[in-house]
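The chain contents come next:
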Amino acid sequence: MNSRWLKIVFAVLTITSIYSAGATASTERSSNRQELCEVPRNSKLAMDQRDNWRMNCLKRKKSEITVTQCLNMAKAMEYSNNAEDARLVCLYDLKKLTLKGCATIAKQMEYADSGDETKWHCLREFSSTISKKQCDTFAKSMAYPPNTDRALYFCENELK
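Because the structure is a prediction, the values reported are computed rather than measured.

1. Here's the deal with the packing of helix 6 (residues 112-125) against helix 8 (residues 145-157)
Here helix 6 crosses helix 8 at 5°, and the two axes come no closer than 12 Å. The orientation of helix 6 with respect to helix 8, classified from their angle, is roughly parallel. Judged by residue contacts, Asp116, Trp120, Leu123 and Arg124 of helix 6 engage Asn147, Arg150, Ala151 and Phe154 from helix 8. Residues that form the contact of helix 6 with helix 8 fall into these classes: four nonpolar, one polar and three charged.

2. A word on the state of the cysteines
One pass over the full model with this rule turns up three disulfides. The disulfide partner of Cys70 is Cys90, and the S-S distance across this bridge is 2.0 Å. One quick way to see it: the torsion about the S-S bond of Cys70 and Cys90 is about -95°, and its sign makes the bridge left-handed. Taken together, the residues Cys70 in helix 3 (residues 67-75) and Cys90 in helix 4 (residues 80-93) connect sequence positions 20 residues apart. Residues Cys70 and Cys90 agree in their burial class; the two are buried. Disulfide partner of Cys135: Cys155, at an S-S distance of 1.9 Å. Taking the torsion about the sulfur-sulfur bond, which here is approximately -85°, the covalent link between Cys135 and Cys155 counts as left-handed. Of the two residues, Cys135 is situated in helix 7 (residues 132-140) and Cys155 in helix 8; the sequence distance between them amounts to 20 residues. Taking the relative accessible area as the measure of exposure, Cys155 reaches 2% and is therefore buried.

3. A few points about the packing of aromatic side chains
Tallied over the entire structure, the rule returns one aromatic pair. Note on Trp120 and Phe154: the rings are 5.9 Å apart at their centroids and 80° apart in plane angle, and the pair reads as edge-to-face. Of this pair, Trp120 sits in helix 6 while Phe154 is found in helix 8, placing the two residues 34 residues apart along the sequence. Across the pair, Phe154 and Trp120 agree in class, each one buried. Positioned above the aromatic ring of Trp120 is the side chain of Arg150, whose terminal nitrogen or guanidinium carbon lies 4.2 Å from the ring centre.

4. Some words on the packing of helix 4 against helix 6
Two numbers describe how helix 4 lies on helix 6: the axes approach to 11 Å, and their chain directions differ by 5°. In terms of orientation, helix 4 and helix 6 fall into the roughly parallel class. Contacts between helix 4 and helix 6 involve Glu84, Leu88, Leu91 and Tyr92 on the former and, on the latter, Ser114, Glu117, Thr118, His121 and Cys122. Taken together, the residues that form the contact of helix 4 with helix 6 break down as four nonpolar, three polar and two charged.

5. A look at helix 3
An α-helix turns once per 3.6 residues; consequently, residues spaced three or four apart project the same way. Of all the residues in helix 3, the buried ones are Val67, Cys70, Leu71, Met73 and Ala74. Each buried residue of helix 3 sits inside an arc of 155° when the element is viewed along its axis, so together they form one side. Along helix 3, the residues that are exposed and aim more than 90 degrees away from the buried face are Thr68 and Lys75.

Basis of the calculations
- Residues numbered from 1 in each chain as written.
- Predicted model: local features only at pLDDT ≥ 70, side-chain atom pairs only at ≥ 80, totals over all residues.
- Heavy atoms only, no water.
- Axes fitted to C-alpha atoms, helices over the stretch in contact; angles between N-to-C directions.
- Helix = DSSP H or I, 4+ residues; strand = E, 2+ residues; numbered from the N terminus.
- Parallel < 35°, antiparallel > 145°, perpendicular 65-115°, else oblique.
- Contact = heavy atoms within 4.5 Å.
- Nonpolar A, V, L, I, M, F, W, Y, C, P; charged D, E, K, R; others polar.
- Disulfide = S-S within 2.5 Å.
- Buried < 20%, exposed > 50% of the residue type's maximum accessible area, 1.4 Å probe, protein only.
- Phe/Tyr/Trp six-rings, centres within 6.5 Å; stacked < 30°, edge-to-face > 60°.
- Lys NZ or Arg CZ within 6 Å of the ring centre and 35° of its normal.
- Arc of directions from axis to C-beta.

All we've got here are geometric facts, nothing functional implied.
In structure tokens, the structure reads:
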């Protein structure tokens, strides 16, 4: 009877450890999804609700993510105007924004007017550290010719 009892206990412990390992893996996947602001698969949210969920998550995590992570979260948006808004969060709200990160955000802007506005923000934000050559590159990449002219003037006369 003792050996039979030991076999039963061993079987129960084995099954318990298998289930707990599966639960741990499931919890890890769930926490990774939360870190990346992915909507849980079993949610029955509509597209706009999923984008709202992602945006709220992005705003909560903005102090701890990089530009690349932020832009990846923006790519996950299902509506292009929401993706554009998420990229603006990356531009205006990230703590560790560099000139390179600013340029990356500007390149990924979908609409010409918001792309130019992003480039202007980069020029103003980094006017004390940007070189004339970098400034001219930003200026020449503007979508609208009047913005290009104005930015070239800024690079020539107003850099700090």
